[in-house]
Amino acid sequence: MFFLLASVLVACNTTKPSSDEQEKSNIDKQTVLQTVKLIKEKNKLTDTELLQKGVEQCALLWRKSDGTTQEFKNFCLEKYIKSEKEKELVFSKISRNLEILNGHFNTITIDLLRPTHQSDYDTHEIDNYFGSYSVGAHLIEDFYKNKIAFIVALNFPPFSLEEKEKLAKSWSRKQWAYARLGDMFEARVPVNLVQKAGEVAAATDRYIADYNVCVGYLTDKDNKRFFPEDKVLLSHWNLRDEIKANYANKNDGLEKQKIIYKVMQRIISQEIPKDVINSKEFTWDPYSNKTYKNGKEVNLNSEPNTRYKYLLDNFKANSAMDKYYPNSINYIKRQYDGAKEISAENTEKIFEKFLSSELTKKVGKLIEQRLGRKLLPFDIWYDGFKSRSELDESKLDAQTRKLYPNAKALEADLPNLLLKLGFSKDRAKYICDKIVVDPARGSGHAWGASMKGDVAHLRTRISGKGMDYKGYNIAVHEFGHNVEQTISLYDVDYYMMNGVPNTAFTEALAFIFQKRDLKLLDINTNSPKAEALKTLDLFWSAYEIMGVSLLDIKVWRWMYENPNADEQQLKQATMNLAKEVWNKFYADVYGVKDQTILAIYSHMLNSPLYLSNYAFGNLIEFQLEMQLKDKSFSKEVSRIFKQGRLTPNEWMNQATGNDLSSEPLLKETAKALTKI
Ligand SMILES: [Zn+2]
């Protein structure tokens, strides 16, 4: 798990909702032009491109409550910084102050949450009140009130992703840092809209979190049951994992997979009887879609397209914010160009290239051989490439328990782990001095610092008997996060550039560490076959998740094209689009058309447009592994992660000399096929 540090910068959410008029900019185009002209004349400027951008941005954010048109003009005229020297000074002061604010807010949040996160604290209900208190919640709104936001917008305006990518090659590090500061005040969205979207998201979360199928009550046409009576599976995660788990079941695994698949189809089409969700009152035959009580058939209503109602609610709540962004950029662009900094179009290009690869057919054939049957649509979740470890896990447990009886023992050993990865003694100490290990209540997480001088926290679960191997494996993953968090905060030249391009990048390094966990226990697992299986496993899961990600984008585009559609129409469209993606990239491999299964992911509802992060995580991991091969692991990791938050493509270019691409994974897959 990984916590986004930017979360301390969320907008204020307690101000009373205000009228539309108050939430609109009172500065028109004419005023912007006049202001630019005035500043240009006063400062005798020749190049006004950046000035124009700054004044426009300032105007976009300005409200009546900030001042009249004349006050706006005066403000810009007075606060525009002409001299580069002064600009540099102001920038460094703002950076320093933001580090102070972010850093301390982050520390306060970590400390308030200690009883919730750490097992060495007593707990009481009161902890939840403090734990959910957001100390930085008012920062952004305060910065509008005291005009800091406008000084930043005017002098350090934001750049779009297109602009960043175009300018990347010519920008100095300082210009990059200026642009990152500019990102801070991109849009001023009315608090009530942010609140509304939050409410919709929370309601969607509840719907998703409480959507269980009591599989013990599923039957086929012969009234045969397949699962223990008390077995309950959450959609879609547990349902999918049940399909995965049954590849090892040679008895009735296939039948179980088939019936779960049918359930998934009924959920997507919303033909699922409403009263079988979360209920053990009826038995349900998903094939005929008939329901029974005490052996007698009863007619139940289908779920009334609730799934799509939630999707629509999310669309409405998020698209309502569009007009407050520069050029009214929509939610798709905000999630892709904004949050991920990889455009939806570029994502499609990269994924489609991967999905169109002939390798999908070859790997599909290999899976058919291994299964001894033709592929079925749910084999998108085939997990038979997972190399069952030949190592005895109880022996590993004994080893890790002895090594790490408690959190402090792990903390003391962290520098040794880095030594084994090739870091020098000094460098290992430098990094590990900035990481502390705390005993976790949950499975663990990594929480980085937000200011230099502070430490990153590695939270890991250790029982009274010491750390078992599973816990150790996760702890190594979290340690990977901590190393990244430390390098990308302490070694990056500008505070505004700290971090990595997006979530997928931090996960990639965590997985690179996690994969080396046995090496860190001095167990040599140099098996080319195991390596090849791992690659094929990653290939097959990327093949699945990329299709789901494409569908996610297409559904949002459709909603934007049909803003007045109802849930019935959205359902139909989603199913059609799912089939379209299936027919284009899967039908040939699977030998069957018109499947809707790609629409089952719960993320489409509760984390809209997030899914492609998983696929990018896979690609980035491969691209980095290629780069690390035959090179010094420690030097490369240090060099690459101190680049900070460039755009993903620019980061990858400077890391490896290549664009972000699926090529390395495809290449390795082709190689792996020859080894199996
Ligand atoms: Zn992680």
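Residues numbered from 1 in each chain as written. Predicted model: local features only at pLDDT ≥ 70, side-chain atom pairs only at ≥ 80, totals over all residues. Heavy atoms only, no water.

Novice: What is the right way to look at the packing of aromatic side chains in this model?
Specialist: A ring pair, where both rings are aromatic, is described by two values, the distance of the centres and the angle of the planes. A complete count under the given rule lists 36 aromatic pairs for this structure. Ring centres of phenylalanine 505 and tryptophan 651 lie 4.7 Å apart, and the angle between their planes is 75 degrees; on these two criteria the pair is classed as edge-to-face. Of this pair, phenylalanine 505 sits in helix H22 (residues 503-515) while tryptophan 651 sits in helix H30 (residues 648-656), and the two are 146 residues apart along the sequence. As far as burial versus exposure is concerned, phenylalanine 505 and tryptophan 651 are alike and both buried. (Phe/Tyr/Trp six-rings, centres within 6.5 Å; stacked < 30°, edge-to-face > 60°. Helix = DSSP H or I, 4+ residues; strand = E, 2+ residues; numbered from the N terminus. Buried < 20%, exposed > 50% of the residue type's maximum accessible area, 1.4 Å probe, protein only.)

Novice: What am I meant to see in the sheet that holds strand E4 (residues 290-293) here?
Specialist: Strand pairing in a sheet takes place through backbone hydrogen bonds and is either antiparallel or parallel in direction. Read from one edge of the open sheet, three strands run E3-E4-E5, paired in antiparallel fashion. The outermost strands of the open sheet, each flanked by one partner alone, are strand E3 (283-285) and strand E5 (296-298). Neighbouring strand axes in the sheet, compared pairwise and without regard to direction, differ in orientation by 40 degrees on average. Where E4 and E5 come together, three bridges link them in antiparallel fashion. Across the sheet, the residue bridging to tyrosine 292 is glutamate 297, located in E5. (Pairing = 2+ DSSP bridges. Axes fitted to C-alpha atoms, helices over the stretch in contact; angles between N-to-C directions.)

Novice: So what exactly am I meant to see when it comes to the coordination of the zinc ion here?
Specialist: Ideal coordination angles are 109.5 degrees for a metal with four donors arranged tetrahedrally and 90 or 180 degrees for a metal with six donors arranged octahedrally. Ligation of the zinc ion by protein atoms is provided by His477 (NE2), His481 (NE2), Glu507 (OE) and Glu507 (OE), these donors lying 2.1 to 2.7 Å from the ion. Note that the zinc ion binds four donor atoms; their angles at the metal cover 51 to 143 degrees, and the shape is irregular. Of note, the donors binding the zinc ion are all from one chain and are spaced H-x3-H-x25-E. With histidine 477 and histidine 481 both in helix H21 (residues 469-490) and four residues apart, the pair spans about one turn of that helix. Summarising the burial analysis for this pair, histidine 477 and histidine 481 share the class buried. (Donors = N, O, S within 2.8 Å, 3.2 Å for Na, K, Ca; no water. Tetrahedral: all angles 85-135°; square planar, octahedral: opposite > 155°, others 65-115°.)

Novice: What's the story with H22 in this structure? I'm lost.
Specialist: Since there are 3.6 residues in each turn of an α-helix, residues three or four apart along the chain are aligned in direction. Helix length check: H22 (13 residues) gives 18 Å between terminal C-alpha atoms against 18 Å at 1.5 Å per residue, within 8%. Listed as buried for H22 are Ala504, Phe505, Thr506, Ala508, Leu509, Ala510, Ile512, Phe513 and Gln514. Buried residues belonging to H22 abut helix H19 (407-420), H21, helix H23 (517-520), helix H28 (612-628), helix H29 (633-641) and H30. Taking the backbone nitrogen of alanine 504 as reference, a side-chain oxygen 2.9 Å away marks asparagine 502 as the first, capping residue of H22. (Expected span 1.5 Å × (residues − 1). Contact = heavy atoms within 4.5 Å. Polar contact = N/O pair within 3.5 Å; in protein donor to acceptor, adjacent residues only side chain to side chain.)

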